[in-house]
Amino acid sequence: AFDADKWVAAKKDAAKIINRDNGASLAVNFDWVFYGPNMESAVDTVFSIRNLGSSGDNIHFNRIPPERRIRVDEFGDNSVVFAFDLSKFLKPFALQIVKGLNFVPFDKPDDWVVFSKKEFVYGQDSMDNAAYILPELAYAFGVS
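Predicted, not measured: the structure shown is a model, and the values here were computed from it.

**Q** Explain the overall build of the chain to me, please; I cannot follow it from the model alone.
**A** Of regular secondary structure, the chain possesses three helices and six strands. In sequence order, the secondary structure elements of the chain are arranged as α-β-α-β-β-β-α-β-β. Its C-alpha atoms give the chain a radius of gyration of 25 Å, more than 25% over the compact-globule value 15 Å for 144 residues. Expressed along its principal axes, the backbone C-alpha trace of the chain runs to roughly 85 × 40 × 25 Å. Within the span of the chain, comprising 144 residues, buried residues form 22% of the whole. Long-range pairs, those at least 24 residues apart, make up 71% of the contacts in the chain with a sequence separation of at least 6.

As structure tokens, this is what we get:
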């Protein structure tokens, strides 16, 4: 699920991501890795071994420093590794307003709620959609 070749492929994929507003590269540079317990040796192989023996020096050695390699026990036995670029200023939420806000008061004596329950009710009528977005700055290994 995670090895040096997949790390290189992820970085190449990230380099292709452009800002659609101006066509410039987003310059994604993964600087944090989150992994499950059973992926610790794979992550260490890519980032902690300085010399690979007959293959020579490891070009990925300490690319992600140990303090930015986070083991997440909650991932359990899943073979997943997530790489993030957290160096950028993030605006990870999108808000889509379909129908603007309309304030609705039920406070007239002839409103049904006021008449039947003797209550004043105030509300809003709107149609919105909010989403958490961060796909450009994250990469998942071993997730299907």
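**Q** Before we go on, may I ask you to explain the pattern of salt bridges in this structure?
**A** Pairing is possible between side chains that carry opposite charge, provided their charged atoms lie close to one another. For the structure on display, the rule yields five salt bridges. Close ionic contact of Asp31 with Arg68 constitutes a salt bridge, the shortest N to O distance being 3.8 Å. Remark: Arg68 occurs in the loop between helix 2 (40–47) and strand 2 (69–71) and Asp31 occurs in the loop between helix 1 (4–15) and strand 1 (32–35); sequence separation between them is 37 residues. Among the ionic pairs, Arg71 bridges to Glu40, the shortest N-O distance being 2.9 Å. In this pair, Arg71 is assigned in strand 2 and Glu40 in helix 2, connecting sequence segments 31 residues apart. When salt bridges that share partners are traced, they join Glu40, Arg71 and Asp73 into one network.

**Q** Just to check I follow, could you spell out the sheet that holds strand 1 for this structure?
**A** Adjacent strands of a sheet pair through backbone hydrogen bonds, lying either parallel or antiparallel. The strand order across the open sheet built from four strands is 2-1-3-6, with neighbouring strands paired in mixed fashion. If you trace the sheet from one side to the other, it starts and ends with strand 2 and strand 6 (138–141), each paired once. Across the sheet, the mean angle from the axis of one strand to that of its neighbour is 20 degrees, orientation sign disregarded. Pairing analysis gives four bridges linking strand 1 to strand 3 (residues 81–84), with the strands arranged antiparallel. When the bridges of strand 3 are listed, Trp32 appears paired with Phe84. This element, helix 1, spans strand 1, strand 3 and strand 6 of the sheet and lies at about 150 degrees to strand 6.

**Q** How should the environment of Glu74 be read in this particular structure?
**A** Looking at the secondary structure, you find Glu74 in the loop between strand 2 and strand 3. Linking Glu74 and Ala27, residues 47 residues apart in sequence, is a C-alpha distance of 30 Å.

**Q** Can you help me understand the nonpolar core in this one?
**A** Across soluble globular proteins, nonpolar side chains have a tendency to be buried as a group. One finds Phe2, Trp7, Val33, Phe47 and Val81 to be the most contacted residues of the largest nonpolar core, which totals 18 residues. Secondary-structure elements contributing two or more residues to this core are helix 1, strand 1, helix 2 and strand 3. Of the residues forming this core, the biggest block, four residues, is contributed by helix 2. Non-local contacts of Val33, meaning those with residues more than four positions away in its chain, are made with Trp7, Val43, Phe47, Ile64, Arg68, Arg69, Ile70, Val81, Phe82 and Ala83.

Basis of the calculations
- Residues numbered from 1 in each chain as written.
- Predicted model: local features only at pLDDT ≥ 70, side-chain atom pairs only at ≥ 80, totals over all residues.
- Heavy atoms only, no water.
- Helix = DSSP H or I, 4+ residues; strand = E, 2+ residues; numbered from the N terminus.
- Rg over C-alpha atoms; globule rule 2.2 N^0.38 Å.
- Buried < 20%, exposed > 50% of the residue type's maximum accessible area, 1.4 Å probe, protein only.
- Contact = heavy atoms within 4.5 Å.
- Salt bridge = Lys/Arg side-chain N within 4 Å of Asp/Glu carboxyl O.
- Pairing = 2+ DSSP bridges.
- Axes fitted to C-alpha atoms, helices over the stretch in contact; angles between N-to-C directions.
- Core = buried A, V, L, I, M, F, W, Y, C linked by side-chain atoms within 4.5 Å.

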